[in-house]
Amino acid sequence: MSIEIDIVSGNVGWPYAKPLLEAVWPSAEVAKSSWGHIEWAKADLRVLVETPDDVVCHVGLVFRTVLWKGRKHAIAGIGGVATHPDHRRSGYASIGLDAAVRTIRDREAIDFALLFCEPHNFAFYEARGWHRFDGVIMAEQAGARIRFEVMTPYVFDVKNAPREGAIDLCGLPW
Ligand SMILES: CC(C)(COP(=O)(O)OP(=O)(O)OC[C@H]1O[C@@H](n2cnc3c(N)ncnc32)[C@H](O)[C@@H]1OP(=O)(O)O)[C@@H](O)C(=O)NCCC(=O)NCCS
């Protein structure tokens with residue numbers, strides 16, 4: 001099947017991403033989850049993997065200056081990685097993630113990439129070159145700075161390879 005990969009701004013991509021994200025994370029299930037109360041950052045860019053019929057996979061990208069060990073770093077956040085339940089295990093998320101990582105590498109200023117995931121996805125990301133970050137994540141929630149612990153951070157190395165220390169997201173998580 002022919003597929004197309006579009007990388008568009010977060011706002012332009014939202015109408016295409018929204019139905020897919022609602023199918024993957026129905027609001028009733030989100031409300032019951034351990035992270036249902038979290039306020040998330042909006043994506044700056046969206047990778048959309050499309051078949052002739054539909055958007056089958058989405059990867060969101062957030063660009064942010066964070067503090068790691070107290071020093072500023074320009075990073076790319078990956079979030080909202082989702083393949084439609086009817087189209088899983090066809091390689092779409094791998095394709096979407098590859099496109100996101102290529103976009104990150106093309107931006108010369110990016111120091112590393114960071115995502116947050118649940119235990120059932122650890123193996124998926126580890127098989128794709130992501131490394132667990134064992135340090136502390138601080139983030140903004142409801143206007144306050146909190147320790148962000150509801151999901152596990154994973155890093156994709158670019159110029160830096162953080163594994164420990166504290167990362168302050170200096171804003172909402174993704
Ligand atoms: C996780 C998710 C995005 C994977 O999407 P996908 O399009 O099915 O992934 P791919 O088809 O690219 O996966 C390719 C390979 O990874 C394997 N794989 C997929 N999910 C896996 C998982 N959770 N753990 C380990 N391996 C996994 C596939 O079997 C396949 O292996 P193969 O190459 O040996 O055949 C999808 O299951 C999903 O949308 N889940 C719900 C939302 C979610 O949890 N998103 C992640 C948020 S961090």
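Please read these numbers as outputs of a predicted model, since none were measured by experiment. (Residues numbered from 1 in each chain as written. Predicted model: local features only at pLDDT ≥ 70, side-chain atom pairs only at ≥ 80, totals over all residues. Heavy atoms only, no water.)

Caption draft 1: Quick look at the site of the ligand. The environment of the ligand is formed by 20 residues, the closest being Val81, Thr83, Arg89, Gly91 and Ser94. Side-chain polar atom of Thr83 to an oxygen atom of the ligand: 2.8 Å apart, as the coordinates give it. Asn121 places a side-chain nitrogen or oxygen 2.8 Å from an oxygen atom of the ligand. At the level of elements, β4 (71–83), α3 (92–106), β5 (112–117) and α4 (122–126) are the ones that each hand at least two residues to the shell around the ligand. For the shell around the ligand, the per-class residue count stands at eleven nonpolar, six polar and three charged. (Near = heavy atom within 4 Å. Polar contact = N/O pair within 3.5 Å; in protein donor to acceptor, adjacent residues only side chain to side chain. Helix = DSSP H or I, 4+ residues; strand = E, 2+ residues; numbered from the N terminus. Nonpolar A, V, L, I, M, F, W, Y, C, P; charged D, E, K, R; others polar.)

Caption draft 2: Highlighting the packing of aromatic side chains. Overall, the coordinates contain ten aromatic pairs when judged by the stated rule. Ring centres 6.3 Å apart and planes at 65° place the aromatic pair Trp35 and Trp40 in the edge-to-face group. Trp35 gets classed as buried once you look at its relative accessible area, which sits at 10%. A ring pair is formed by Phe116 and Trp174, whose centres lie 5.9 Å apart and whose planes are at 50°; its orientation type is tilted. Remark: Trp174 occurs in the segment after β10 (166–168) and Phe116 occurs in strand β5; sequence separation between them is 58 residues. The exposure classification of Phe116 matches that of Trp174, with both residues buried. Joined through ring pairs, the aromatic side chains of Trp25, Trp35, Trp40, Phe116, Phe148 and Trp174 make up one cluster. (Phe/Tyr/Trp six-rings, centres within 6.5 Å; stacked < 30°, edge-to-face > 60°. Buried < 20%, exposed > 50% of the residue type's maximum accessible area, 1.4 Å probe, protein only.)

Caption draft 3: Representation of the side chain of Thr51 within the structure. Mapping Thr51 onto the fold places it in the loop between β2 (45–50) and β3 (55–68). Look at Thr51 and you get buried, because its relative accessible area is 8%. Discounting residues that sit within four places of it in the chain, Thr51 has contacts with Met1, Ser2, Ile3, Val56 and Tyr92. (Contact = heavy atoms within 4.5 Å.)

Caption draft 4: Inspection of the pattern of salt bridges at higher detail. Enumeration according to the criterion identifies six salt bridges in this entry. Here Arg145 ties to Asp168 by a salt bridge, and the two come within 2.7 Å at their closest N and O atoms. Of the two residues, Arg145 is situated in strand β8 (residues 144–147) and Asp168 in strand β10; the sequence distance between them amounts to 23 residues. For Asp168, a relative accessible area of 12% corresponds to the buried category. With a shortest N-O distance of 2.8 Å, Asp157 and Arg163 are connected by a salt bridge. (Salt bridge = Lys/Arg side-chain N within 4 Å of Asp/Glu carboxyl O.)

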